[in-house]
Amino acid sequence: MTCLPALFISHGSPMLALQDSPARRFLEQLGATLPRPRAVLAVSAHWETIGAPAVSLAQQPATIHDFGGFPRALFEIRYPAPGAPGLAERALTLLEQAGIQAGRSAGRGLDHGAWVPLRLMYPAADVPVTQLSILQGGDPAAHLRIGQALRALRDEGVLVLASGSLTHNLHEYRGQAVEAPAPAWVEDFARWMQAALENGEQAELLDYRRRAPSAVRNHPTDEHLLPLFVAMGAGGPQARATRLHASVEHGVLAMDAYAFD
């Protein structure tokens, strides 16, 4: 069975599901460039649990519209992919073998961090998917360890799809157009991340909030970057990152995507 990469993608605004942009066009072609997975383990910034990660055992995950103030058409979208409870149990076993306590959610559906990119990558909704939460208040090192524990899934036909945003400061969004240029503080952070990821500077990345330029301005809270560390860990100890896409939406959302293998 072909080993799949671990991916980090930036999902940006929920309007990515409806609105044309370079990031949307990238995701629309991404699925066809990968070996077809038997299932997807989605790690979204929009599911946080306290104390321990959790996986969803849902047989038919609901489409969660966890946002407000958007057009009705967005709320009418459904992504009816089948669940992957067997994958969820396998992930639990791997986490427990690594000494990481984890929980189960019987009915957790797919939030927009999962279903928006998956709908673009696999529009037929025919790839089973389950979600893994991130840790509320957890640091990058904790999420790296979670990813490391799940490394074996890549050899089992599973796509580890970590979904967040390379930059995510919505306080700086003031109605800028989707094609608005990025200010220097966004560009500087994205360049620093690219260099550190491509050079495998793990210690720098784990301490990014102190070392990266304008880190706290780009991530007042860091839940949207934590999935990246899960993907990095799942890439393996010698993994280097390959940047698959770079663009900016609304000036403040860097939409970079990376593969780890």
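This report concerns the structure included in the present document. Bear in mind that the values here come from a model prediction, so they are computed numbers and not experimental data. (Residues numbered from 1 in each chain as written. Predicted model: local features only at pLDDT ≥ 70, side-chain atom pairs only at ≥ 80, totals over all residues. Heavy atoms only, no water.)

A word on the overall build of the chain. Within the chain, the secondary structure is distributed over ten helices and ten strands. For 261 residues, the compact-globule estimate of 2.2 N^0.38 gives 18 Å, and the chain sits close to it at 17 Å. Taken along the three principal axes of its C-alpha coordinates, the chain extends 45 × 45 × 35 Å. Evaluated residue by residue, the chain yields a buried proportion of 59% over its 261 residues. Per element, the accessible surface of the chain, about 10300 Å² overall, is 50% carbon and sulfur. The chain carries 21 positive and 25 negative side-chain charges, and their two centres are separated by 2 Å. (Helix = DSSP H or I, 4+ residues; strand = E, 2+ residues; numbered from the N terminus. Rg over C-alpha atoms; globule rule 2.2 N^0.38 Å. Buried < 20%, exposed > 50% of the residue type's maximum accessible area, 1.4 Å probe, protein only. Areas by Shrake-Rupley, 256 points an atom, 1.4 Å probe, with all protein chains shown as cover. Lys, Arg positive; Asp, Glu negative; His and termini not counted. Charge placed at Lys NZ, Arg CZ, Asp CG, Glu CD.)

Enumeration over the complete set of coordinates arrives at 15 salt bridges. The salt bridge partner of Arg-25 is Asp-20, with a shortest N-O separation of 2.6 Å. On the basis of relative accessible area, Arg-25 is assigned to the partly exposed category, the value being 41%. A salt bridge links Asp-126 to Arg-36; its shortest N-O distance comes to 3.2 Å. Residue Asp-126 is located in the loop between α4 (112-121) and β5 (129-135), and its partner Arg-36 is located in the loop between α1 (22-33) and β2 (39-49); the two are separated by 90 residues in the primary sequence. On the basis of relative accessible area, Asp-126 is assigned to the partly exposed category, the value being 40%. Salt bridges here are not isolated pairs; linked through shared partners, they connect Glu-204, Asp-207, Arg-210 and Arg-211. (Salt bridge = Lys/Arg side-chain N within 4 Å of Asp/Glu carboxyl O.)

All right, on to the environment of Ala-180 then. Inspection of the secondary structure puts Ala-180 in the loop between β6 (158-164) and α6 (184-198). Residue classification places Ala-180 among the buried residues on the basis of a relative accessible area of 17%. Between the C-alpha atoms of Ala-180 and Ala-231, which are 51 residues apart in sequence, the distance is 29 Å. Apart from residues lying up to four places away in sequence, Ala-180 is in contact with His-250 and Gly-251. (Contact = heavy atoms within 4.5 Å.)

Take the packing of aromatic side chains next. For the coordinates displayed, the defined rule picks out four aromatic pairs. Where Phe-189 meets Tyr-208, the ring centres are 6.2 Å apart and the plane angle is 70°; that geometry is what we call edge-to-face. Of this pair, Phe-189 sits in helix α6 while Tyr-208 sits in helix α8 (residues 208-211), and the two are 19 residues apart along the sequence. Looking at Phe-189, the relative accessible area reads 0%, which means it is buried. A residue is classified by how much of its surface remains accessible, and Tyr-208, at 1% relative accessible area, is buried. Taken together through their ring pairs, the aromatic side chains of Phe-67, Phe-70 and Phe-75 make up a single cluster. (Phe/Tyr/Trp six-rings, centres within 6.5 Å; stacked < 30°, edge-to-face > 60°.)

Turning to helix α10 (residues 226-234), a few remarks are in order. Most of α10 sits out of view: nine of its nine residues are buried. Within α10, burial applies to Leu-226, Pro-227, Leu-228, Phe-229, Val-230, Ala-231, Met-232, Gly-233 and Ala-234.

With that settled, the discussion passes to helix α3 (residues 85-97). When the terminal C-alpha atoms of α3 are compared, their 18 Å separation across 13 residues agrees well with the 18 Å that a helix rising 1.5 Å per residue should span. Looking at the buried positions of α3, the neighbouring elements they touch are β2, β3 (54-56), β4 (103-105), β5, α5 (140-149) and β6. At the exit of α3 stands Gly-99, carrying a positive phi of roughly 80°. (Expected span 1.5 Å × (residues − 1).)

Tracing the backbone shows Ser-165 in the loop between β6 and α6. Of the polar contacts made by the side chain of Ser-165, one reaches the backbone oxygen of Thr-167; its length is 2.6 Å. Setting aside anything within four residues of it in sequence, one finds Ser-165 in contact with Phe-8, Ser-10, His-219, His-224, Leu-225, Leu-253 and Ala-254. (Polar contact = N/O pair within 3.5 Å; in protein donor to acceptor, adjacent residues only side chain to side chain.)

What follows is about the environment of Gly-147. On the secondary structure map, Gly-147 appears in helix α5. Judged by its relative accessible area of 0%, Gly-147 falls in the buried class. Each C-alpha atom, one on Gly-147 and one on Trp-47, is 16 Å from the other, the two residues being 100 residues apart in sequence. Ignoring any residue separated from it by four or fewer positions in sequence, one finds Gly-147 in contact with Val-230, Gly-233 and Ala-234.

A few words on the packing of α5 against α10. Relative orientation of the contacting elements α5 and α10 amounts to 40°, with a least axis distance of 6 Å. In this view, α5 runs oblique relative to α10, as classed from their interaxial angle. Like other packed secondary-structure pairs, α5 and α10 cross with a definite hand, here right-handed. For the pair α5 and α10, contact is made by Pro-140, His-143, Leu-144, Ile-146, Gly-147 and Gln-148 and by Leu-226, Phe-229, Val-230, Met-232, Gly-233 and Ala-234, respectively. For the contact of α5 with α10, the class distribution of residues is eight nonpolar, four polar and no charged. (Axes fitted to C-alpha atoms, helices over the stretch in contact; angles between N-to-C directions. Parallel < 35°, antiparallel > 145°, perpendicular 65-115°, else oblique. Left-handed = near helix turned anticlockwise from the far one by under 90°. Nonpolar A, V, L, I, M, F, W, Y, C, P; charged D, E, K, R; others polar.)

This is a description of form; function is not addressed.
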